[in-house]
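Chain by chain, the residues:
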Amino acid sequence: MSIKIADLTVTFKNQVTAVNHINLEISNGIYGLLGENGAGKTTLMRVLTTVLKPTGGTVSLDGILYSEGNYEKIQQKIGYLPQEIDLYPNLSVQECLEYMGELSGIPQQECRKRIKYYLEKTSLTEHRKKKMRQLSGGMKRRVGLVQALLNEPDFLIVDEPTTGLDPEERIRIRNLLVDFSENRTILFSTHVVEDLAATCSKLAVMKKGNILYSGDMKEMLSMADGCVWNCFAKSDIQAREIEKNYRVSTKQYVNGGYMIRVISEEKPEVQCTQGEVTLEDAYIYLMNK
Amino acid sequence: MMKQDLKISLPVYKIGYSLAFIVILSCVHSAVYVNEIGPAIDGKMAVLALVFCADTYLIERQSRRREVFRLYPIKNQYCAVLRRITVQIGYLTGISILAYGMFYWQKPAVLDEKRSGIFLFLLYCGVVFITIFFWSVLSVTVCNLLQSVWSGMGILFLGWLFLVSKAGEKLLGVWNPFSYEFCEFSELTEWKWAAGKIITAVCAMLLLLLQKKILEKRG
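I will try to describe carefully the structure that is included in this document. (Residues numbered from 1 in each chain as written. Chains lettered and ligands numbered in written order. Predicted model: local features only at pLDDT ≥ 70, side-chain atom pairs only at ≥ 80, totals over all residues.)

### Examining the overall build of chain A
Working step 1: Helices and strands together make up the secondary structure of chain A, namely 10 helices and 14 strands.
Working step 2: Reported as C-alpha extents along the three principal axes, the dimensions of chain A are approximately 65 × 45 × 35 Å.
Working step 3: Across the 289 residues that make up chain A, the buried fraction comes to 42%.
Working step 4: Summarising the internal contacts of chain A: among those between residues at least 6 apart in sequence, 67% fall at separations of at least 24. (Helix = DSSP H or I, 4+ residues; strand = E, 2+ residues; numbered from the N terminus. Buried ≥ 20, exposed ≤ 12 C-beta atoms within 10 Å, placed from the backbone. Contact = placed C-beta atoms within 7 Å.)

### A look at helix 4 (residues 108-121) of chain A
Residue and element names in this part refer to chain A.
Working step 1: With 14 residues, helix 4 extends 20 Å from end C-alpha to end C-alpha; this agrees with the ideal 20 Å at 1.5 Å per step.
Working step 2: Along helix 4, the residues classified as buried are Cys111, Ile115, Tyr118 and Leu119. On an axial view of helix 4, the arc spanned by its buried residues comes to 100 degrees, and they lie on one face. Counted as exposed and oriented over 90 degrees from the buried face of helix 4: Gln109, Glu110, Lys113 and Glu120. (Expected span 1.5 Å × (residues − 1). Arc of directions from axis to C-beta.)

### Here's the deal with the sheet that holds strand 4 (residues 56-61) of chain A
All names here are of chain A.
Working step 1: Taken in spatial order, the four strands make up an open sheet running 2-1-4-5, and their pairing is antiparallel. The two strands at the open ends of the sheet, each matched to only one other strand, are strand 2 (17-26) and strand 5 (64-65).
Working step 2: As paired strands, strand 4 and strand 5 are joined by two bridges and run antiparallel to one another. Directly across from Ser60, in strand 5, lies its bridge partner Leu65.
Working step 3: Relative to strand 1 (residues 3-11), helix 1 (residues 41-48) is tilted by about 120 degrees, and along the sheet it contacts strand 1, strand 2 and strand 4. (Pairing = 2+ DSSP bridges. Axes fitted to C-alpha atoms, helices over the stretch in contact; angles between N-to-C directions.)

### What about the pairing of strand 12 (residues 247-254) of chain A?
Residues and elements named next belong to chain A.
Working step 1: As paired strands, strand 12 and strand 13 (residues 257-263) are joined by seven bridges and run antiparallel to one another. Within strand 13, the residue paired with Val254 across the bridge is Gly257.
Working step 2: Turn length for the strand 12-strand 13 hairpin, with the two strands adjacent in sequence and antiparallel, is two residues, and the turn residue Gly256 shows positive phi of about 85 degrees.

### Let's talk about the interface of chain A and chain B
By a widely used convention, the size of an interface equals the accessible area lost when the partners come together.
Working step 1: Each partner contributes to the interface: chain A provides 22 residues, whereas chain B provides 17 residues.
Working step 2: The dominant element in the side of chain A that touches chain B, judged by the number of residues it contributes, is helix 3 (residues 93-104) of chain A, at five residues.
Working step 3: Looking at the side of chain A that touches chain B residue by residue, the class counts come to 10 nonpolar, six polar and six charged. (Nonpolar A, V, L, I, M, F, W, Y, C, P; charged D, E, K, R; others polar.)

### Quick notes on the pairing of strand 13 of chain A
Working step 1: Pairing between strand 11 (residues 228-233) of chain A and strand 13 of chain A: six bridges, direction antiparallel. From the neighbouring strand, A:Ala233 faces strand 13 of chain A, where its bridge partner is A:Tyr258.

### Thoughts on the environment of A:Leu145
All names here are of chain A.
Working step 1: Here Leu145 is to be found in helix 5 (residues 137-149).
Working step 2: Residue Leu145 is classed as buried on the basis of its C-beta count, with 25 C-beta atoms lying within 10 Å.
Working step 3: Spatially, the C-alpha atom of Leu145 lies 9.0 Å from that of Thr122, the residues being 23 residues apart in sequence.
Working step 4: When neighbours within four sequence positions are excluded, Leu145 is seen to be in contact with Leu81, Thr122, Val158, Pro161 and Ile173.

### Observations concerning the packing of helix 3 (residues 37-52) of chain B against helix 7 (residues 117-146) of chain B
Residue and element names in this part refer to chain B.
Working step 1: One can describe the packing of helix 3 onto helix 7 by two numbers: an axis separation of 8 Å at closest approach and a directional angle of 20 degrees. It follows that helix 3 is roughly parallel to helix 7 by the angle criterion. In terms of crossing hand, the pair formed by helix 3 and helix 7 is right-handed. When helix 3 is examined against helix 7, the residues Gly38, Ile41, Asp42, Met45, Ala46, Ala49 and Leu50 are found in contact with a partner set consisting of Leu120, Leu123, Tyr124, Val127, Val128, Thr131, Ile132, Trp135, Ser136 and Ser139. (Parallel < 35°, antiparallel > 145°, perpendicular 65-115°, else oblique. Left-handed = near helix turned anticlockwise from the far one by under 90°.)

### Some words on helix 6 (residues 167-180) of chain A
Along an α-helix, residues three or four positions apart point the same way, because every turn accommodates 3.6 residues.
Residues and elements named next belong to chain A.
Working step 1: For helix 6, spanning 14 residues, the distance from its first C-alpha to its last is 20 Å, which sits close to the expected 20 Å at 1.5 Å a residue.
Working step 2: For helix 6, the set of buried residues is Ile173, Arg174, Leu177 and Phe180. Taken end-on, helix 6 shows its buried residues confined to a sector of 125 degrees, consistent with a single buried face. More than 90 degrees from the buried face of helix 6, the exposed residues found are Pro167, Glu168 and Asp179.
Working step 3: Considering only its buried residues, helix 6 is in contact with strand 3 (29-35), helix 5, strand 7 (155-159), strand 8 (185-190) and helix 7 (193-199).

Function-wise, these values are silent; they only describe arrangement.
Shown next, in the form of structure tokens:
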């Protein structure tokens, strides 16, 4: 499964260009999509799900061009978890998934089998009889993910799937996505850099409708090589001074002060050592380059 | 899937306001004779139907499920909308029959022994079913086309106001969808008024068939 995006542009009626002439090739496995709010990630995903028609450029999925005549064929291959979705509040988890599965065209018996499997995988089995409105935000998110997986799509698009999940649940969902990605393509959009670092080897970074970077995670990390510094601040005042003068990726309280990770091409003028680059560091480096 | 569509289409708040509507109607609208009950309910059920069914499909948009719903095969989307319309029409027809019974607390008198209460009741059932059918499907159609529940309801309400007015009666005559409401008791068995209802039923069938196209274009 491969998705080719060529010169894609989306301009809204108010003349705002949400996606600006982007080119991207997404192949098998999990492909990360990273970017600040308003970068154009959701717009790009809405184009890929056929909900939104682009103003210019082309998209093809396994050689099938995104066009009116091909939409139904493409839609059958897609699973989608939007950023915000309120599943049927009056239905139980089981009823809701059966309903959505059957609407997808999955035969009833097969649908029940898949629901059982994915409910177990997402630790929702014991909640299957609960009404959707009785679930916590994290549980709703997991049900949302199950509905996207039900038709076992070749191309799964997930927008912030781990929002509202506790750390354990997040790991479980990440593992589920990794298992699911075998011989399939997953486009994983998130703000949580840690989720991408744990799941994918390729990613794209978007900013203001443009692609800042696309390719291997390793290459992206190497871009920030030599630009990450672990600085130690003894006091609050010193920490604030560092934050004021440099681009900071993380700040952690440690015994006797603060350990601050600074992203800078030059060595900061404070007590510091060079640090190993994480995806978060590379992302901040790239966004402020 | 019918069970799920039943739960989706008939939430508690809708059942609540629709029952309140018929209770209030049976309390505030007088019916001295049995033959006045049907015309008293028929036109008002149109308003209830247009409000009740406005969000049949747009509920997917309001709940931000539309982007997922759109990925389903169009035939399945269409069937889901048809099931929801069926459930709602069935329910509204049921409560309109209940409303008919509720008018009996006013102890209406029988005007003409030849036209028995059962005949008037059966006539009313057919008429009110067509009214509900038409206004439900029209409401789903207009709201989908406008992509707005409130705009759809507003426009249809204005249309309803015109049709039930004297001007609507004069302009459309027996072709008015509410011709049954306007006809005199003595004209009831002359069936001229049925023209309006037949046209309404045909229009409703056509609109129902159009739903698939509307879903494709505006869904």
